[in-house]
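Fold and geometry: a report
Now for the letters of each chain:
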Amino acid sequence: MSAEKINPYKDSKLGKKEQVAQMFDTISTNYDGLNRVISLGVDINWRKKVVKIVGENNPKQILDIATGTGDLALMMANLNPDKITGLDISPGMLSVGKEKIAKAKLSDKIEMIVGDSEAMPFENNTFDAITVSFGVRNFANLNKGLKEIARVLKPSGVLVILETSNPVKFPFKQGYKLYTNLFLPIIGKLFSKDKSAYTYLSESANSFPFGNEFNNILQKNGFTHTKADPVTFGVATIYTAKK
């Protein structure tokens, strides 16, 4: 089954977009801590790599899509852009993020807004850099979301996506399958009020296109110079692309 067709709540009458917003609202208060546990802390290093790539362009206007609680947006503040805009569909995640930003005294630099990545409230060619970390697999319509990113990215701009992928080499492939199918939902159930959320997160991670397959999807939707860089044995991949 394609990632677009996998929804958090099997019995819900809501569309994927609304379900994803509801899910992240529910898990927002313990999302950060759980993320560190699930990724064994290596997600911080992955984000550092993303920040380094973004920094090579000295961007003034940065958009962080599916910003969640603002982890990546906060790290990118060190690049000293004029402004970072964090966009997310979940008000619950954003309110946790706003608290973190206020605590870091960066509210004048980072703006957090509720919005839909498939219909963004920005002019064409607005941003020098756009980032998405662990968000594209939650798009209800991946092609539509990517076309919208291409629209608001400047012609000279860079897109950097950090997303889960599947290791292809033995024994990492087998170990990762075991980890996502067995341990991830168990950890989610232990730590989270929402038992469906982490089952959904592991299912969508396992079915999302990665590597060359995802590069091809980027190219179909208006991007060139696509590059896939697997990290930590291939459990995640950093994609870079130009418009």
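The structure this text deals with has already been given above.
First, a word on what this report is: a plain description of the structure on this page.

Cut-offs and rules
- Residues numbered from 1 in each chain as written.
- Predicted model: local features only at pLDDT ≥ 70, side-chain atom pairs only at ≥ 80, totals over all residues.
- Heavy atoms only, no water.
- Salt bridge = Lys/Arg side-chain N within 4 Å of Asp/Glu carboxyl O.
- Helix = DSSP H or I, 4+ residues; strand = E, 2+ residues; numbered from the N terminus.
- Buried < 20%, exposed > 50% of the residue type's maximum accessible area, 1.4 Å probe, protein only.
- Patch = residues over 30% accessible without salt bridge, like charges linked within 9 Å, V, L, I, M, F, W, Y side chains within 5 Å.
- Areas by Shrake-Rupley, 256 points an atom, 1.4 Å probe, with all protein chains shown as cover.
- 1 Å grid on protein atoms, 1.4 Å probe; cavity = no way out; pocket = protein on both sides within 12 Å on 5 of 7 lines; lining within 4 Å.
- Points joined across faces, edges and corners; volume = space filled by probe spheres on them.
- Nonpolar A, V, L, I, M, F, W, Y, C, P; charged D, E, K, R; others polar.
- Contact = heavy atoms within 4.5 Å.
- Core = buried A, V, L, I, M, F, W, Y, C linked by side-chain atoms within 4.5 Å.
- Polar contact = N/O pair within 3.5 Å; in protein donor to acceptor, adjacent residues only side chain to side chain.

For the coordinates displayed, the defined rule picks out eleven salt bridges. A salt bridge links D116 to K17; the nearest nitrogen and oxygen atoms lie 3.0 Å apart. Residue D116 is located in the loop between β3 (110–114) and β4 (127–133), and its partner K17 is located in helix α1 (residues 16–27); the two are separated by 99 residues in the primary sequence. Owing to a relative accessible area of 22%, K17 belongs among the partly exposed residues under this scheme. The partner of K100 in a salt bridge is D32, and the shortest N-O contact between them spans 2.6 Å. Of this pair, K100 sits in helix α5 (residues 91–103) while D32 sits in helix α2 (residues 31–38), and the two are 68 residues apart along the sequence. Exposure remark for K100: the relative accessible area of 21% places this residue in the partly exposed category. Sharing partners across several salt bridges, the network here consists of D32, R36, D43, R47, D71 and K100.

A few words on a nonpolar patch on the surface. A surface patch of nonpolar side chains, amounting to about 500 Å² of accessible area, comprises L178, L182, F183, I186 and L190. Residue placement: L182 occurs in helix α7 (residues 172–191). Exposure remark for L182: the relative accessible area of 41% places this residue in the partly exposed category.

Attention now moves to the layout of surface pockets. By volume, the largest pocket amounts to about 580 Å³. Taken together, 25 residues form the lining of the largest pocket, with I38, S39, W46, Y176 and Y179 sitting closest to its centre. Within the residue set of the lining of the largest pocket, elements represented by two or more residues are α2, α3 (43–55), α7 and α8 (195–207). Here the lining of the largest pocket gets six residues from one element, more than from any other, and that element is α7. Here the lining of the largest pocket is built from residues that sort into 17 nonpolar, six polar and two charged. Quantified by volume, the second largest pocket comes out at close to 200 Å³.

Relative to the helices and strands, T67 is located in the loop between β1 (61–65) and α4 (71–76). The class of T67 is buried, set by a relative accessible area of 7%. Apart from the residues within four sequence positions on either side, T67 is in contact with A73, G86, L87, D88, L94 and M112.

It is worth spelling out the nonpolar core at this point. In this structure, W46, V50, V54, M76, I84, I110 and L162 are the most contacted members of the largest nonpolar core, which totals 27 residues. For this core, the secondary-structure elements that each account for two or more residues are α3, α4, α5, β3, β5 (153–164) and β7 (236–242). Here W46 is in contact with F134, L162, V231, T232, V235, A236 and I238, once residues within four sequence places are set aside. By size, the runner-up hydrophobic cluster in this structure holds 26 residues, among which are F122, V136, I217 and A241.

What follows deals with the environment of V20. Looking at the secondary structure, you find V20 in helix α1. The exposure class assigned to V20 is buried, which follows from its relative accessible area of 4%.

A word on helix α6 (residues 142–152). Those residues of α6 that fall on the buried side of the exposure criterion are L142, G145, L146, E148, I149, A150 and V152. Buried positions along α6 lie against β1, β4, β5 and α9 (212–220). Residue N141 occupies the N-cap position of α6, its side-chain oxygen lying 3.3 Å from the main-chain nitrogen of N143.

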